[in-house]
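Residue-level structural notes
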Amino acid sequence: MPRRTPHDDPRPVQARQLAARQGGVVSRPQLYDLGLTRYEVRGQVRGGRWQLVGDQSVCLHNSEISDAGHRWAAVFQSGPRACLDGASALVAGGLERYEVQRHRVSVPRGARVRRSAHYDIRQTRRWDASDLAVSGIPRTRPDVAAVRAALWAASDRQATYVLTLVVQQGLATAEELGRQSLRIRRDRRRRLVHTTILDLLDGARSLGELDVVRALRRRGLPPPTRQVLRRDGAHRYYLDLYWEDYALVVEVDGIHHTWATNVVGDALRQNSLVIARDRVLRLPLLGLRLEPDAFFAQIEEALVAGGWQRGNVIRTGQASARPV
């Protein structure tokens, strides 16, 4: 029988110190580099003090493995050039309010892949050493990971959500996401990613308005007048979409409307319109992407409240609308 390793042996002490920085998990090569033998590792596992995580990692306690421990185990399982990628890299880098069901790990084309039921390990042509974060667990940078997370998301809604969260939480700027999106050559979600990032950049205001007008036409709703100039004392306002005969204004909001520098101006403009007895609805561009039916149902409800009925001939005030 092998002799039991003393608790104060410097080798397991060093192993525990290393594990504390890695979610309680160390790789087998790390243990062997510290001088522990395969027999000693096996003895700790059989004694119930340690537990195996896959065939490349060991957790140096016998309780539930933390998410951070699983992230390290996923990287260890995947080989020396492996890195967390997509949403897993974002969560490891500090993204909040987003859950990862199965950690995604990328390895270069041609690398050996050790399959695991717990982790999603894949070869990818997108792997590039220059995309890696400079410190911490091996992972792609937030701007790279965000675009890939959107491409690999389970739905368009989830893709839009993760891109928005990354910008809102300051992990990457919309400009950085835009530069990374230009690297996409072929993907079914390429257009959605580009459009969402344009929204985040506030570079798609006219595109958003055109989308709304087309959707109104498809739903049989009357066309609005676009970019109507209104004056209120010393202030001038441009209304995105205006139905004068039905006293309805729809403001198509990019993400810049949520920023503190625009809150006061937006509030003053909306208050002025309400005082003039116009109804004001706000339509975020991301809402247009995610919940279009709910928003257009509200527009129709507001039009009906203003006197419109299906089958109405377009009134004179709307005949002057700009062509779209």
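Our subject is the structure listed above.
Scope of this entry: the structure provided in the associated data block. Bear in mind that the values here come from a model prediction, so they are computed numbers and not experimental data. (Residues numbered from 1 in each chain as written. Predicted model: local features only at pLDDT ≥ 70, side-chain atom pairs only at ≥ 80, totals over all residues. Heavy atoms only, no water.)

**Observations concerning the overall build of the protein**
- Looking only at helices and strands, one finds 14 helices and 10 strands in the protein.
- Per-residue burial for the protein yields a buried fraction of 45% across its 324 residues.
- Carbon and sulfur atoms provide 50% of the accessible area of the protein, an area that totals close to 17500 Å². (Helix = DSSP H or I, 4+ residues; strand = E, 2+ residues; numbered from the N terminus. Buried < 20%, exposed > 50% of the residue type's maximum accessible area, 1.4 Å probe, protein only. Areas by Shrake-Rupley, 256 points an atom, 1.4 Å probe, with all protein chains shown as cover.)

**A word on the packing of aromatic side chains**
- According to the stated counting rule, one finds two aromatic pairs in the structure shown.
- Taking 5.7 Å as the distance between ring centres and 35° as the angle between the ring planes, the aromatic pair formed by W72 and F76 counts as tilted. Here W72 and its partner F76 are both found in helix α4 (residues 67-78), four residues apart, which amounts to about one turn of the helix.
- On the basis of relative accessibility, which here comes to 15%, the residue F76 falls in the buried class.
- Here Y98 and Y161 contribute two aromatic rings whose centre-to-centre distance is 6.1 Å and whose plane-to-plane angle is 25°, an arrangement assigned as stacked. Here Y98, found in the loop between α5 (86-92) and β5 (104-108), pairs with Y161, found in helix α7 (residues 156-168); they are 63 residues apart in sequence, far enough to count as distant.
- Of the residues examined, Y161 reaches a relative accessible area of 37% and is grouped as partly exposed.
- The positively charged end of R104 is found above the aromatic ring belonging to W152, 3.7 Å away from the centroid. (Phe/Tyr/Trp six-rings, centres within 6.5 Å; stacked < 30°, edge-to-face > 60°. Lys NZ or Arg CZ within 6 Å of the ring centre and 35° of its normal.)

**Observations concerning the layout of surface pockets**
- When its volume is computed, the second largest pocket comes out at roughly 330 Å³.
- Contributing to the lining of the second largest pocket are 16 residues, with A87, V100, R102, W152 and Q158 lying nearest its centre.
- Secondary structure elements with two or more residues in the lining of the second largest pocket: α5 and α6 (142-152).
- The element contributing the most residues to the lining of the second largest pocket is α5, with three residues. (1 Å grid on protein atoms, 1.4 Å probe; cavity = no way out; pocket = protein on both sides within 12 Å on 5 of 7 lines; lining within 4 Å. Points joined across faces, edges and corners; volume = space filled by probe spheres on them.)

**Things to note about the pattern of salt bridges**
- Applying the stated rule across the entire model yields 12 salt bridges.
- Salt-bridge contacts for E40 lead to R11; the nearest nitrogen and oxygen are separated by 2.8 Å. Within this pair, whereas E40 is found in helix α3 (residues 38-46), its partner R11 is found in helix α1 (residues 10-20), the two being separated by 29 residues in sequence.
- Take R11: its relative accessible area is 21%, and that puts it in the partly exposed class.
- Between R141 and D143 there is a salt bridge whose closest N-O contact spans 3.3 Å.
- The structure contains a network of salt bridges with shared partners spanning D85, D131, R148 and R183. (Salt bridge = Lys/Arg side-chain N within 4 Å of Asp/Glu carboxyl O.)

**What about empty space enclosed by the protein?**
- All told, the structure shown has one cavity of 30 Å³ or more when counted by the stated rule.
- When contributions to the lining of the largest cavity are tallied by element, the ones reaching two or more residues are β10 (279-284) and α13 (292-305).

**A short note on the nonpolar core**
- If you look at the biggest cluster of nonpolar residues, it comprises 43 residues, and the most contacted ones within it are L90, L95, V162, L163, V166, L177 and V193.
- Contributing elements (two or more residues each) for this core: α4, α5, β5, α6, α7, α8 (174-181) and α9 (190-201).
- With sequence-adjacent residues up to four places away left out, V193 is seen in contact with V147, A150, L151, L163, S181 and I184.
- Residues V212, A215, L221 and L283 belong to the second largest nonpolar core, which totals 19 residues. (Core = buried A, V, L, I, M, F, W, Y, C linked by side-chain atoms within 4.5 Å. Contact = heavy atoms within 4.5 Å.)

**Description of the sheet that holds strand β1 (residues 25-27)**
- Strand order across the open sheet formed by three strands is β1-β3-β2, with antiparallel pairing between neighbours. Unpaired on one side and paired on the other, β1 and β2 (51-53) mark the two borders of the sheet. With direction set aside, neighbouring strand axes in the sheet form an average angle of 35°.
- In terms of strand pairing, β2 meets strand β3 (residues 57-59) through three bridges, oriented antiparallel. Paired with Q51 across the strands is C59, a residue of β3.
- Most of the contacts of α4 go to β1, to which it runs at about 10°, and overall it touches β1, β2 and β3. (Pairing = 2+ DSSP bridges. Axes fitted to C-alpha atoms, helices over the stretch in contact; angles between N-to-C directions.)

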